[in-house]
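A closer look at the structure
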Amino acid sequence: MYRPPGPPPDPALVQSLTAEQNALRERIRTEPLPPLASLRLVAGCDSSFPTPETILSVIVVLGWPDLDPRAVAWHYGPVPLPYIPGFLAFREAPNLVAAYGHLPPDLVPDVLVVDGHGSAHPRRLGIAAQLGVLLDRPALGIGKSRLTGVYDDPGPAPGDTAPLLARRGSTEVIGEVLRTRPGVLPVFVSPGHRCDQASATALARACLRGLKLPEPTRQADAWAARLRPDPGPFGTGGLLRA
């Protein structure tokens, strides 16, 4: 993920973004996802940066439970903010919302699986939570690395988990650390919106296909890289059906 160096952020901007995060967090609903057997479509969400000033966001819609790609929606637009730690969603979520707008009704996913964090965030509002709230869709985050919290390593087998705690000695669980493949670093699963931890972890486990990344975010990461060299006209996007 492209995170350019830069000068310290404007304190007034940080204060404004923090207030907006706090307001969005109040809109989060914590509830179980629909039963896995009832799902029809899930989607992986990710972004790449063709240049420091532009962002390409993709939403890969997969059938359930086969996880075969059904369609890819994307949008190519401006980066609205410089990178500020803890406020990644304000760089990426607006363009992901635009990409989501290219999905027709028959391809609207039941769950969004976002490359990033949900509640495993210093203010409990990572990009999966923010995107879920903005779209009012069930969403969870799968992060490749830890943003905050402490944990003990999960067991060695795929599907093994360990709690991600807010701090050492705390009982606040902000996510789960999921082993996806033997001998490979785990990923970090947390609920975003209209989701709880148990069903987020269950869905992430069900999406394992023997690789480090669960299939929805693996596909989204791959498509973000594939479309990056030629994303199309600036300010536009589209839809590819499988």
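Below or above, wherever it landed, is the structure these notes cover. (Residues numbered from 1 in each chain as written. Predicted model: local features only at pLDDT ≥ 70, side-chain atom pairs only at ≥ 80, totals over all residues. Heavy atoms only, no water.)

Looking only at helices and strands, one finds five helices and nine strands in the chain. For the chain, whose C-alpha radius of gyration is 17 Å, the value lies close to the compact-globule estimate of 18 Å for 242 residues. For the chain, the C-alpha atoms occupy an extent of roughly 45 × 45 × 35 Å along the three principal directions. For the chain, the exposed area adds up to about 10,500 Å²; of that, 57% sits on carbon and sulfur atoms. Computed over 24 positive and 22 negative side-chain charges, the separation of the two mean positions in the chain equals 2 Å. (Helix = DSSP H or I, 4+ residues; strand = E, 2+ residues; numbered from the N terminus. Rg over C-alpha atoms; globule rule 2.2 N^0.38 Å. Areas by Shrake-Rupley, 256 points an atom, 1.4 Å probe, with all protein chains shown as cover. Lys, Arg positive; Asp, Glu negative; His and termini not counted. Charge placed at Lys NZ, Arg CZ, Asp CG, Glu CD.)

What follows concerns the pairing of strand E4 (residues 111-115). Most of E4 sits inside the fold, with five of its five residues counted as buried. Residues of E4 alternate between two faces, with Val111, Val113 and Asp115 on one and Leu112 and Val114 on the opposite face, all of them buried. In terms of strand pairing, strand E1 (residues 41-51) meets E4 through four bridges, oriented parallel. The partner of Ala43 across the bridge, within E4, is Leu112. (Buried < 20%, exposed > 50% of the residue type's maximum accessible area, 1.4 Å probe, protein only. Pairing = 2+ DSSP bridges.)

Enumeration according to the criterion identifies 11 salt bridges in this entry. Put simply, Arg194 and Glu31 hold a salt bridge, and the shortest N to O gap is 3.9 Å. Separated by 163 residues along the polypeptide, Arg194 in the loop between strand E8 (187-193) and helix H4 (197-206) and Glu31 in the loop between helix H1 (11-25) and E1 bring together distant segments of the chain. A relative accessible area of 18% places Arg194 in the buried class. (Salt bridge = Lys/Arg side-chain N within 4 Å of Asp/Glu carboxyl O.)

What follows concerns the nonpolar core. Judged by nonpolar contacts, the single largest core of 30 residues is most densely connected at Val58, Val111, Leu140, Val189 and Leu203. Residues contacting Val111, with those up to four places away along its chain left out, are Leu33, Leu39, Leu41, Val42, Ala43, Pro138, Leu140 and Leu203. Residues Leu41, Ala89, Leu96 and Ala128 belong to the second largest nonpolar core, which totals 21 residues. (Core = buried A, V, L, I, M, F, W, Y, C linked by side-chain atoms within 4.5 Å. Contact = heavy atoms within 4.5 Å.)

Looking now at the side chain of Thr54. With respect to the helices and strands, Thr54 occurs in strand E2 (residues 54-63). Within the local environment of Thr54, its side chain forms a polar contact with the side chain of Thr51, the two groups lying 2.8 Å apart. (Polar contact = N/O pair within 3.5 Å; in protein donor to acceptor, adjacent residues only side chain to side chain.)

Right, let's get into the pairing of E1. With nine of its 11 residues buried, E1 lies for the most part within the structure. Where E1 hands over to E2, the hairpin turn is made up of two residues, counted between the paired strands.

In this section: the side chain of Gln130. Within the element layout of this structure, Gln130 appears in helix H3 (residues 127-135). Classification of Gln130 by relative accessible area gives buried; the value is 3%. With residues up to four places along the chain from it excluded, the contact list for Gln130 reads Gln21, Leu24, Ala89, Phe90 and Leu125.

Moving on: helix H5 (residues 215-227). Its 13 residues place the ends of H5 18 Å apart at the C-alpha level, agreeing with the 18 Å of an ideal helix rising 1.5 Å per residue. Regarding H5, the residues found buried are Glu215, Pro216, Thr217, Gln219, Ala220, Trp223, Ala224 and Leu227. Its buried side turned inward, H5 meets E1, E2, strand E3 (69-78), E4, strand E5 (139-143) and strand E9 (237-241). (Expected span 1.5 Å × (residues − 1).)

The subject of this paragraph is H4. Buried residues of H4: Gln197, Ser199, Ala200, Thr201, Leu203 and Ala204, and no others. Among the structural elements, E4, E5, strand E6 (161-165), strand E7 (173-178) and E8 are those in contact with the buried residues of H4.

Right, let's talk about the packing of aromatic side chains for a bit. Counted by the stated rule, this structure contains three aromatic pairs. Consider the rings of Tyr76 and Phe234, whose centres lie 5.5 Å apart with planes at 85°: the pair is edge-to-face. Taken together, the residues span a long stretch of sequence, with Tyr76 in strand E3 and Phe234 in the loop between H5 and E9 at a distance of 158 residues. A relative accessible area of 11% means that Tyr76 is categorised as buried. For the ring pair Phe87 and Phe90, a centre distance of 6.3 Å and an interplane angle of 45° mean the geometry is tilted. Of the two residues, Phe87 and Phe90, both sit in the buried class. The ring of Trp223 is capped by Arg226, whose NZ or CZ atom sits 4.2 Å from the centre of that ring. (Phe/Tyr/Trp six-rings, centres within 6.5 Å; stacked < 30°, edge-to-face > 60°. Lys NZ or Arg CZ within 6 Å of the ring centre and 35° of its normal.)

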